[in-house]
Amino acid sequence: MRFENELKVIKKGVEEIIPVDELLKKLEKSAKTGVPLRIKYGIDPTGYDVHIGHLVPIRKMREFQDMGHIGVIIIGDFTAQIGDPTGRDDSRPPLTKEQILENSAKYMEQLFTVLDPARTEIRYQTEWFGSMGMTDVIKLMGKFTLAQFLAHDTFRNRYEQGLALGMHEIMYPILQGYDSVAIHSDVELGATEQKFNILAGRDMQRYFGQEQQVAVLSPILMGTDGVNKMSKSMNNYIAVFDPPAEKFGKVMSIPDKLIVNYYNYATTLHPDEIQKIKEELESGVNPMLSKKRLGWEIVKLYHGAEAADEARSAFEKQFSQKEIPDEMPEFNSPEQSLKLIRILTESGLCETNGEAKRLIMQGAVSVDGTKFTAIDAEIELVDGAVIKCGKRKYLRIRK
RNA sequence: GGAGAGGUUCCCGAGCGGCCAAAGGGAACAGACUGUAAAUCUGUCGUCAGACGACUUCGGAGGUUCGAAUCCUCCCCUCUCCA
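Since the model is a prediction, treat every value here as computed from it, not as a measurement. Within each chain, residue numbers correspond to sequence positions counted from 1 in written order. Naming scheme: in the order in which they are written, chains are lettered from A and ligands are numbered from 1. Thresholds applied to this predicted model are a pLDDT of at least 70 for local features of residues and 80 or more for the giving and counting of side-chain atom pairs; totals over whole chains, interfaces and linings are not thresholded and use all residues. Note: side-chain values were computed over all heavy atoms of the structure, leaving out hydrogens and water.

Student: Could you give an account of the nonpolar core, with specific residues and numbers?
Tutor: Ile52, Ile73, Leu111 and Tyr262 are the most contacted members of the largest nonpolar core, which has 51 residues in total. Contact criterion: two residues are considered in contact whenever any of their non-hydrogen atoms come within 4.5 Å of each other. The residues contacting isoleucine 73, other than those within four sequence positions of it, are Tyr41, Ile43, Ile58, Met61, Met108, Leu111, Leu115, Thr120, Glu121, Ile122 and Arg123. Put simply, buried Ala, Val, Leu, Ile, Met, Phe, Trp, Tyr and Cys residues joined by side-chain atoms within 4.5 Å make one nonpolar core. Residue exposure (1.4 Å probe, protein chains only): buried if accessible area is under 20% of the type maximum, exposed if over 50%, otherwise partly exposed.

Student: Outline helix H17 (residues 353–361), listing residues and values.
Tutor: Comment: elements are numbered from the N terminus, with helices defined as DSSP H or I runs of at least four residues and strands as E runs of at least two. For H17, every residue scored as buried is listed here: Ala356, Leu359 and Ile360. Along H17, the residues classed as buried sweep out an arc of 100° about the axis, all on the same side. Where H17 is buried, its residues touch helix H16 (340–346), strand E9 (365–367) and strand E12 (386–389). Backbone geometry just after H17 places glycine 363 at a positive phi near 75°. Picture the helix axis, draw a direction to every C-beta atom, and the arc is the one those directions span.

Student: Summarise the packing of helix H14 (residues 271–282) against helix H15 (residues 287–320); cite the residues concerned and give the values.
Tutor: Angles here are taken between N-to-C directions and fall from 0 to 180 degrees, while the axes themselves are lines fitted to C-alpha atoms, restricted in helices to the stretch in contact. Relative to each other, H14 and H15 sit at 155°, their axes nearing to 9 Å. With respect to H15, the axis of H14 lies roughly antiparallel. Both H14 and H15 take part in a crossing whose hand is left-handed. Residue-level contacts link Glu273, Ile277 and Leu281 of H14 to Pro287, Ser290 and Arg293 of H15. Three classes are used, and their members are as follows: Ala, Val, Leu, Ile, Met, Phe, Trp, Tyr, Cys and Pro are nonpolar, Asp, Glu, Lys and Arg are charged, and the others, Gly among them, are polar. Grouping the constituent residues of the contact of H14 with H15 by class yields 3 nonpolar, 1 polar and 2 charged. Reported orientations rely on four angle classes, namely roughly parallel under 35 degrees, roughly antiparallel over 145, roughly perpendicular from 65 to 115, and oblique for the rest. Left-handed describes a crossing whose near helix is turned anticlockwise from the far helix by less than a right angle; the clockwise case is right-handed.

Student: So what about the protein's contact with RNA strand B? Which residues, and what values?
Tutor: Taken together, 33 residues sit near RNA strand B, with Ser253, Asp256, Lys291, Phe319 and Arg358 positioned nearest. Among the atoms of RNA strand B lying within 4 Å of the protein, the sugar-phosphate backbone contributes 69%. One nitrogen or oxygen atom from the main chain of methionine 252 is found 3.4 Å from a sugar or linking oxygen belonging to RNA strand B. Serine 253 places a polar main-chain atom, nitrogen or oxygen, 2.9 Å from a sugar or linking oxygen of RNA strand B. Among the residues forming the surface near RNA strand B, the class breakdown is 15 nonpolar, 10 polar and 8 charged. Residue proximity to a molecule or strand is established when one non-hydrogen atom of the residue lies within 4 Å of it. Polar contacts here mean pairs of N or O atoms no more than 3.5 Å apart (in protein, one a potential hydrogen donor and the other a potential acceptor; neighbouring residues in sequence count only if both atoms are side-chain atoms).

Student: Kindly report on the pattern of salt bridges, identifying the contributing residues and their values.
Tutor: By definition, a salt bridge exists where a carboxyl oxygen of Asp or Glu is found within 4 Å of a side-chain nitrogen of Lys or Arg. Per the stated rule, a full pass over the model turns up 28 salt bridges. The partner of lysine 40 in a salt bridge is glutamate 188, with the nearest N and O atoms 2.8 Å apart. Here glutamate 188 lies in strand E5 (residues 187–191) and lysine 40 lies in strand E2 (residues 38–43), a separation of 148 residues in the sequence. Accessibility expressed as a relative area gives 1% for lysine 40, which makes it buried. According to the relative accessible area criterion, glutamate 188 is buried, its value standing at 1%. Note that aspartate 256 and lysine 291 form a salt bridge whose closest N and O atoms lie 2.9 Å from each other.

Student: I'd like a rundown of a nonpolar patch on the surface, residues and numbers included.
Tutor: Two distance rules govern patches: like charges are joined within 9 Å, and nonpolar side chains (Val, Leu, Ile, Met, Phe, Trp, Tyr) within 5 Å, applied only to residues with over 30% relative accessible area and no salt bridge. We get accessible surface area from the Shrake-Rupley algorithm with a probe of 1.4 Å; when it comes to residues, only the shown protein chains can shield them. On the surface, Leu146, Leu150 and Tyr159 cluster together to form a nonpolar patch covering roughly 330 Å² of accessible area. You can see leucine 150 is positioned in helix H8 (residues 146–151).

Right under this line is the structure:
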């Protein structure tokens, strides 16, 4: 049957589908009636930096779109004020309308590197929450019990660890759940940590007499540190806005253990191909090679094959062959010569004089290939001279 | 409302009158090594100063003291138990 095939595609790279048989029924019904399914994914417009971990469920949405269904992106302008308790940010300052609009515009720009705009609907929570009164809110809250929330990992852990847990935070799943009612969601996508929130949507829909949505949960992508999940706050992420060389470098910095994981969730390679890479790794092929390919695949996804080639060869030049990169920041000064320390700080290569001194003493700084270790070194400012500071920072002198 | 515990440098977490710019760990950065911005080892890690040292920091505001992250007062915030 046709939907069996579709189901196979949907299942690929997905951790859990709750419940599978309902999804099958929905697919069947949609095929029969010609009415596309509504696939929901919510974002909080607290920022706009999208990283490749966010895009794991978004790719799934694209697959649904390619089957003819509708992707509905919810801009969580209300939930943004709460902050997803699943994260650990304590308080969020309320966002202005302008910020929300700006953030969501930039957010969508990045999502559209993956999504099909023709089959994407963008909805704001304000549409349905903006006019709600206290009575409605109380009614919604009454649909859930405290026990339910305390059964939720995040809430329980924070409670048991004695961390602060604001009353408003329990509103998060309630609001997210009601979103599903408001947009008549058929499927909600999210990472596995979203399970509770997404299931809350199912409950809400039942209370409102709607057909319940199906949860399609993607695995959580680990951050480049290999320890925490990829997130902005841990600064272990590869952003969609990162330039190609940056993406490539960040991929090279992931621990070797993560290679297969990234192939699975951050690329669109065929599972058989990934299996092959896995076997190669196990048989002792240098992980660096698989990583280079991984970096290439990821850059290609966002910037095309040409950019991927460039990123790879730039990396090889700079780190394997230790050549000087073509592009680097430049520094201008009217002086004939300057203290090395001052060049480093004034150009912004180093934050403080102390840092500059440290780096010099540690032998991290060289000018045109000559290492300088004297703190008070004075440098002739010659046009085109290249200062190297550490592994990745370069500066070209301009006259 | 009552009784306790606590707020420390980017994060976690010690310190509880001078030896504290503050242990330890993590992160970060650097060096060595490596066909990886992996792993490992070593070092650095408040600001200024070449160094001696000076200055700013331990929730906030005052106070005691020759001297406070450490003691006192008030305030703000968090947690636990009782109701």
